[in-house]
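# Observations on chain architecture
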Amino acid sequence: VELILAGDIFDFDGVNQLPTKQKFSMSWVEKKRGMNTEERKSRYKMKLILQDHPVFIRSLRNFIKKGNRLIFIIGNHDLELHWHSVQKMILRVLSLTPEEKKQVRFNNWFYVSNKDTLIEHGNQHDSHSNCQNPINPKIEGLQKQRIRLPFGCIANRYLINGMGLFNPHVD
(Lines give C-alpha, C1' and ligand atoms only; values in the text may rest on other atoms or scores of the structure.)
Protein backbone atom coordinates (compact mmCIF):
# COMPACT_ATOMS: atom_id res chain seq x y z
CA VAL A 1 0.00 0.00 0.00
CA GLU A 2 1.15 3.53 -0.71
CA LEU A 3 0.13 6.15 1.86
CA ILE A 4 0.41 9.68 0.52
CA LEU A 5 0.38 12.48 3.08
CA ALA A 6 -0.40 15.44 0.85
CA GLY A 7 1.10 18.36 2.76
CA ASP A 8 0.57 20.28 5.98
CA ILE A 9 1.18 17.14 8.02
CA PHE A 10 3.51 19.04 10.35
CA ASP A 11 2.48 22.61 11.17
CA PHE A 12 5.78 24.43 11.56
CA ASP A 13 3.95 27.76 11.44
CA GLY A 14 2.12 26.97 14.67
CA VAL A 15 5.19 26.21 16.76
CA ASN A 16 6.16 29.26 18.78
CA GLN A 17 7.40 27.51 21.89
CA LEU A 18 10.87 28.81 22.66
CA PRO A 19 13.80 26.63 23.66
CA THR A 20 14.88 26.67 27.29
CA LYS A 21 18.23 24.89 26.87
CA GLN A 22 19.29 25.52 23.30
CA LYS A 23 20.51 28.99 22.51
CA PHE A 24 19.35 30.63 19.32
CA SER A 25 19.79 34.21 18.31
CA MET A 26 16.25 35.48 17.84
CA SER A 27 14.62 38.75 16.98
CA TRP A 28 11.90 40.12 19.24
CA VAL A 29 9.33 39.12 16.60
CA GLU A 30 10.54 35.49 16.66
CA LYS A 31 10.21 35.46 20.43
CA LYS A 32 6.60 36.65 20.16
CA ARG A 33 5.37 34.79 17.07
CA GLY A 34 7.67 31.84 16.45
CA MET A 35 11.15 31.22 15.19
CA ASN A 36 11.98 31.77 11.55
CA THR A 37 12.82 29.02 9.07
CA GLU A 38 16.57 28.60 9.46
CA GLU A 39 17.59 24.95 9.36
CA ARG A 40 18.64 24.72 13.01
CA LYS A 41 15.39 26.33 14.17
CA SER A 42 13.37 24.05 11.90
CA ARG A 43 15.01 21.01 13.51
CA TYR A 44 14.03 22.31 16.94
CA LYS A 45 10.40 22.75 15.82
CA MET A 46 10.37 19.29 14.23
CA LYS A 47 11.67 17.78 17.46
CA LEU A 48 8.76 19.33 19.41
CA ILE A 49 6.20 18.14 16.88
CA LEU A 50 7.55 14.59 16.83
CA GLN A 51 7.68 14.40 20.64
CA ASP A 52 4.04 15.46 20.86
CA HIS A 53 2.76 12.79 18.46
CA PRO A 54 4.11 9.37 19.55
CA VAL A 55 0.98 7.46 18.46
CA PHE A 56 1.18 8.94 14.95
CA ILE A 57 4.89 8.10 14.69
CA ARG A 58 4.37 4.57 16.00
CA SER A 59 1.53 4.03 13.50
CA LEU A 60 3.68 5.23 10.59
CA ARG A 61 6.55 2.99 11.74
CA ASN A 62 4.28 -0.07 11.92
CA PHE A 63 2.79 0.74 8.52
CA ILE A 64 6.24 0.94 6.88
CA LYS A 65 7.56 -2.17 8.66
CA LYS A 66 4.71 -4.14 7.05
CA GLY A 67 6.28 -3.37 3.66
CA ASN A 68 4.15 -0.36 2.74
CA ARG A 69 5.35 2.92 1.23
CA LEU A 70 5.00 6.37 2.75
CA ILE A 71 5.08 9.54 0.64
CA PHE A 72 5.27 13.03 2.12
CA ILE A 73 4.25 15.85 -0.21
CA ILE A 74 5.53 19.11 1.19
CA GLY A 75 2.75 21.70 1.68
CA ASN A 76 2.83 25.38 2.50
CA HIS A 77 2.69 24.90 6.30
CA ASP A 78 5.43 22.27 6.35
CA LEU A 79 7.84 23.88 3.88
CA GLU A 80 10.58 23.37 6.45
CA LEU A 81 10.58 19.71 5.41
CA HIS A 82 12.80 20.93 2.56
CA TRP A 83 15.74 20.74 4.98
CA HIS A 84 17.36 17.32 4.59
CA SER A 85 18.33 17.32 8.25
CA VAL A 86 14.62 17.68 9.18
CA GLN A 87 13.75 14.76 6.90
CA LYS A 88 16.51 12.71 8.56
CA MET A 89 14.98 13.47 11.97
CA ILE A 90 11.71 11.92 10.83
CA LEU A 91 13.48 8.86 9.47
CA ARG A 92 15.48 8.55 12.68
CA VAL A 93 12.41 8.71 14.96
CA LEU A 94 10.68 6.10 12.78
CA SER A 95 13.54 3.69 13.68
CA LEU A 96 13.68 2.06 10.27
CA THR A 97 16.26 -0.24 8.74
CA PRO A 98 18.19 1.07 5.72
CA GLU A 99 15.91 -0.99 3.45
CA GLU A 100 12.76 0.35 5.11
CA LYS A 101 14.00 3.94 4.76
CA LYS A 102 13.83 3.45 0.98
CA GLN A 103 10.06 3.06 1.36
CA VAL A 104 9.76 6.66 2.64
CA ARG A 105 9.91 9.53 0.21
CA PHE A 106 9.73 13.32 0.52
CA ASN A 107 8.37 15.14 -2.53
CA ASN A 108 8.39 18.83 -3.31
CA TRP A 109 4.96 20.13 -4.33
CA PHE A 110 3.49 17.07 -6.12
CA TYR A 111 3.71 13.31 -6.64
CA VAL A 112 2.64 11.02 -9.48
CA SER A 113 1.34 7.74 -8.08
CA ASN A 114 1.32 4.56 -10.17
CA LYS A 115 2.42 6.58 -13.21
CA ASP A 116 -1.13 7.84 -13.73
CA THR A 117 -2.38 9.85 -10.74
CA LEU A 118 -1.21 13.38 -9.97
CA ILE A 119 -1.40 14.31 -6.30
CA GLU A 120 -0.45 17.75 -5.07
CA HIS A 121 -1.04 19.76 -1.94
CA GLY A 122 -2.90 22.49 -3.80
CA ASN A 123 -1.38 25.60 -2.24
CA GLN A 124 0.09 26.60 -5.59
CA HIS A 125 -3.47 27.34 -6.78
CA ASP A 126 -4.11 29.86 -3.97
CA SER A 127 -2.63 33.33 -4.40
CA HIS A 128 -2.12 33.75 -0.64
CA SER A 129 -0.51 30.34 -0.09
CA ASN A 130 1.56 29.67 -3.17
CA CYS A 131 5.35 29.51 -3.03
CA GLN A 132 7.55 31.47 -5.38
CA ASN A 133 9.66 28.36 -5.88
CA PRO A 134 7.95 25.20 -4.56
CA ILE A 135 10.81 22.97 -5.73
CA ASN A 136 13.48 24.88 -3.84
CA PRO A 137 12.12 27.62 -1.53
CA LYS A 138 15.46 28.27 0.17
CA ILE A 139 16.67 31.87 0.20
CA GLU A 140 19.66 33.68 1.64
CA GLY A 141 18.64 35.73 4.66
CA LEU A 142 20.66 38.47 6.29
CA GLN A 143 22.98 35.95 7.89
CA LYS A 144 21.72 32.44 7.16
CA GLN A 145 19.83 30.46 4.60
CA ARG A 146 16.13 29.98 5.33
CA ILE A 147 12.89 28.86 3.72
CA ARG A 148 10.82 31.58 2.01
CA LEU A 149 7.26 31.40 3.34
CA PRO A 150 4.14 32.36 1.40
CA PHE A 151 1.99 35.26 2.59
CA GLY A 152 -0.63 32.98 4.21
CA CYS A 153 1.96 31.29 6.41
CA ILE A 154 3.41 34.60 7.51
CA ALA A 155 -0.10 35.84 8.33
CA ASN A 156 -0.68 32.70 10.42
CA ARG A 157 2.52 33.25 12.35
CA TYR A 158 1.84 36.90 13.08
CA LEU A 159 -1.92 36.76 13.67
CA ILE A 160 -2.96 33.28 14.82
CA ASN A 161 0.14 32.67 16.93
CA GLY A 162 -0.55 35.97 18.64
CA MET A 163 -3.92 34.69 19.82
CA GLY A 164 -2.38 31.68 21.54
CA LEU A 165 -5.66 29.87 22.16
CA PHE A 166 -5.65 27.22 19.44
CA ASN A 167 -2.16 25.87 19.58
CA PRO A 168 -0.58 23.17 21.78
CA HIS A 169 2.89 24.59 21.09
CA VAL A 170 2.26 27.96 22.75
CA ASP A 171 4.07 28.61 26.00
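Residues numbered from 1 in each chain as written. Predicted model: local features only at pLDDT ≥ 70, side-chain atom pairs only at ≥ 80, totals over all residues. Heavy atoms only, no water.

### Quick look at the state of the cysteines
Defined as follows: We call a pair of cysteine sulfur atoms a disulfide whenever their separation is within 2.5 Å. With a 1.4 Å probe rolled over the protein chains alone, any residue whose accessible area is under 20% of its type maximum counts as buried; one over 50% counts as exposed, and the rest are partly exposed.
As enumerated under the stated definition, the model contains 0 disulfides in all. Cysteine Cys 131 is unpaired, with the sulfur of Cys 153 as its nearest cysteine sulfur at 7.0 Å. On the accessibility criterion, Cys 131 (8% relative accessible area) is buried.

### Focus on a nonpolar patch on the surface
Where we set the bar: Like charges within 9 Å and nonpolar side chains (Val, Leu, Ile, Met, Phe, Trp, Tyr) within 5 Å are joined into patches, using only residues over 30% in relative accessible area that form no salt bridge. Method for areas: the Shrake-Rupley scheme with a 1.4 Å probe, in which residue coverage is limited to the protein chains shown. Salt bridges, as used here, are contacts in which a Lys or Arg side-chain nitrogen is within 4 Å of a carboxyl oxygen on Asp or Glu. Helix and strand assignments follow DSSP, with helices taken as H or I runs no shorter than four residues and strands as E runs no shorter than two, numbered in order from the N terminus.
On the surface, Ile 154, Tyr 158, Leu 159, Ile 160 and Met 163 cluster together to form a nonpolar patch covering roughly 470 Å² of accessible area. With respect to the helices and strands, Tyr 158 occurs in helix α6 (residues 151–163).

### Details of the pattern of salt bridges
According to the stated counting rule, one finds 7 salt bridges in the structure shown. Notably, a salt bridge pairs Glu 2 with Arg 69, separated by 3.4 Å at the nearest N-O pair. Taken together, the positions of Glu 2 in strand β1 (residues 2–6) and Arg 69 in strand β2 (residues 69–74) put the pair 67 residues apart, joining distant regions of the chain. Arg 69 gets classed as partly exposed once you look at its relative accessible area, which sits at 36%. Ionic pairing is found between Lys 41 and Glu 30, a salt bridge with its closest N-O pair at 2.9 Å. Of the two residues, Lys 41 sits in helix α2 (residues 39–51) while Glu 30 sits in helix α1 (residues 28–33), which places them 11 residues apart along the sequence. Taken as a pair, Lys 41 and Glu 30 share a single burial class, namely buried. The network of salt bridges with shared partners includes Glu 30, Glu 38 and Lys 41.

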